[in-house]
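Listed below, chain by chain, are the residues.
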Amino acid sequence: MRDIPKSHPRYKSLLLRERVVEGVERGVVALQGLIAHGRGEAFYYLLGERSHPFAIRATEVALALMLTAKHPVISVNGNTAVLAPELLIRLAVEMDIPLEVNLFYDRERRERKVWNYLMQVSKSLNLEPRILIASESPAFIPELESWRRLVHSEGIYKADVVLVPLEDGDRTEALVKMGKKVIAIDLNPLSRTARAATVTIVDELSQVIKNMLSILPSLRNLPESSLYEKIRSYSNAQTLREAISAIRENLELEASKLGLT
Ligand code: PTJ
């Protein structure tokens, strides 16, 4: 990995970018993943590169959904695998939730590589998450025509709650139509995914998983009725409105600091 000085003002952002580039070189990330990451970087920049209160609230509700689910699952694509492998594996083991390698682009060539990569990281952590590969026990999401309809029969197909970081809009809509609760992590509050999901966390993926791990112990101590109350009182439309306001306010603040208003 290229050397990035820790003192660089955008150190974390550059580190994540390097992870994605390295992921392409390993054959884990699709070339299209570079474009998706660039779009994410732009939105993160506009959001001021921090976790806003609306994102923390959505993260709590996402955890409440995962804790009360019968069959939760975490979908993993190429970008997700390289951006936060250790954190994802820790979360999967902590919550006893399977990971499902589920890719869109160039699936046949990449899925085993993504699985191997996650297994290698798990081994280095001495952890044994359950990692499914969608095509090994195929089931299909009705109404979808693209390869995105392929899911694991014991994973996403059976799940009542699905965490889908960096997801495509069509599939989010189709999963919701199947009656599943969908948790999206997407830095673009205007995307179709963000609007279709049950809960959208508008924050950077690796930061979200880190936040989940730190919030989890306090939620675990709550009675189930409090978790259901959090879920019941949540409004995703409100989250998206607050995210759009945060972008607007941050832009105005930055512009005024630069004397550009
Ligand atoms: O590995 P594959 O083949 O399954 O493909 C994965 C990608 C991500 C390439 C694929 O799902 C894709 O094309 O995604 P989209 O439709 O470009 O959507 C990606 C969304 O994720 C965009 O709205 C980005 O703003 C957002 N995004 C990108 N990086 C991050 C992010 N959101 C949160 N954290 C990020 N690090």
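Just so it is clear, the model here is predicted, and its values are computed rather than measured.

J.: Is there a simple way to think about the packing of aromatic side chains in this case?
T.: Aromatic rings considered in pairs are described by the distance between their centres and by the relative angle of their planes. Evaluated as defined, the whole model comprises one aromatic pair. Here the aromatic rings of phenylalanine 104 and tyrosine 105 are separated by 4.8 Å at their centres, their planes lie at 65 degrees, and the arrangement is edge-to-face. Taking the ring centre of tryptophan 115 as reference, the NZ or CZ of arginine 112 above it sits at 4.7 Å. The ring of tyrosine 157 carries the charged tip of lysine 180 above its face, separated from the ring centre by 6.0 Å.

J.: Hey, could you run me through the pairing of strand 7 (residues 181-185) in this one?
T.: Judged by how many residues are buried, strand 7 sits mostly within the fold: four of five residues are covered. With helix 7 (residues 169-177) bridging strand 6 (residues 161-165) and the parallel strand 7, this β-α-β connection has right-handed handedness. The pairing of strand 7 with strand 8 (residues 199-201) spans three bridges and is parallel. Bridge pairing links isoleucine 185 to isoleucine 201 in strand 8.

J.: Teacher, can you tell me more about helix 2 (residues 31-46) here?
T.: An α-helical turn contains 3.6 residues, so a residue and the one three or four places further along point in the same direction. Counted at 1.5 Å a residue, the expected span for helix 2 with its 16 residues is 22 Å, and the 24 Å between its end C-alpha atoms agrees. Among the residues making up helix 2, those that are buried are Gly33, His37, Gly40, Glu41, Phe43 and Tyr44. After helix 2 finishes, the residue glycine 48 shows a positive phi value of roughly 80 degrees.

J.: I would appreciate a short explanation of the environment of leucine 63 in the present structure.
T.: Looking at the secondary structure, you find leucine 63 in helix 3 (residues 53-68). A residue is classified by how much of its surface remains accessible, and leucine 63, at 0% relative accessible area, is buried. The spatial distance from the C-alpha of leucine 63 to the C-alpha of leucine 213 is 9.6 Å, given a sequence separation of 150 residues. Excluding its chain neighbours within four sequence positions, the residues that come into contact with leucine 63 are Met95, Met212, Ile215, Leu216 and Leu219.

J.: Help me understand the sheet that holds strand 2 (residues 99-101), please; the structure alone is not making it clear to me.
T.: Adjacent strands of a sheet form backbone hydrogen bonds with each other and so pair up, either parallel or antiparallel. Spatially, six strands are ordered 3-2-1-6-7-8 in an open sheet, and the strand pairing comes out parallel. The open sheet terminates on both sides in strands that have one partner only, identified here as strand 3 (131-133) and strand 8. Across this sheet, the average inter-strand angle for adjacent strands is 25 degrees, counted without regard to direction. Contacts between helix 6 (residues 107-125) and the sheet are confined to strand 1 (72-76), strand 2 and strand 3, with strand 3 contributing the most and set at about 175 degrees to the helix. Against the sheet, helix 9 (residues 205-220) makes contact with strand 6, strand 7 and strand 8, and its axis sits at roughly 120 degrees relative to strand 7, the strand it touches most.

J.: Which parts of the structure should I look at to understand the site of the ligand?
T.: Surrounding the ligand, one finds 21 residues, the nearest of these being Gly78, Tyr105, Arg110, Asp186 and Glu204. Within the side chain of arginine 39, one N or O atom sits 3.0 Å away from an oxygen atom of the ligand. Interatomic distance of 2.8 Å between a backbone N/O atom of tyrosine 105 and an oxygen atom of the ligand. Its free accessible area being 750 Å², the ligand has 94% of it covered by the protein chains.

J.: Help me understand the nonpolar core in this model?
T.: Ranked by size, the top nonpolar core spans 61 residues in total, and within it Met66, Ile74, Ile201 and Met212 carry the most contacts. When near neighbours in sequence (up to four residues on either side) are disregarded, isoleucine 201 contacts Ala55, Ala58, Thr59, Ala62, Ile183, Ala184, Ile185, Asp186, Val208 and Met212.

Definitions and cut-offs
- Residues numbered from 1 in each chain as written.
- Predicted model: local features only at pLDDT ≥ 70, side-chain atom pairs only at ≥ 80, totals over all residues.
- Heavy atoms only, no water.
- Phe/Tyr/Trp six-rings, centres within 6.5 Å; stacked < 30°, edge-to-face > 60°.
- Lys NZ or Arg CZ within 6 Å of the ring centre and 35° of its normal.
- Buried < 20%, exposed > 50% of the residue type's maximum accessible area, 1.4 Å probe, protein only.
- Helix = DSSP H or I, 4+ residues; strand = E, 2+ residues; numbered from the N terminus.
- Right-handed = clockwise from strand over helix to strand, strands pointing away.
- Pairing = 2+ DSSP bridges.
- Expected span 1.5 Å × (residues − 1).
- Contact = heavy atoms within 4.5 Å.
- Axes fitted to C-alpha atoms, helices over the stretch in contact; angles between N-to-C directions.
- Near = heavy atom within 4 Å.
- Polar contact = N/O pair within 3.5 Å; in protein donor to acceptor, adjacent residues only side chain to side chain.
- Areas by Shrake-Rupley, 256 points an atom, 1.4 Å probe, with all protein chains shown as cover.
- Core = buried A, V, L, I, M, F, W, Y, C linked by side-chain atoms within 4.5 Å.

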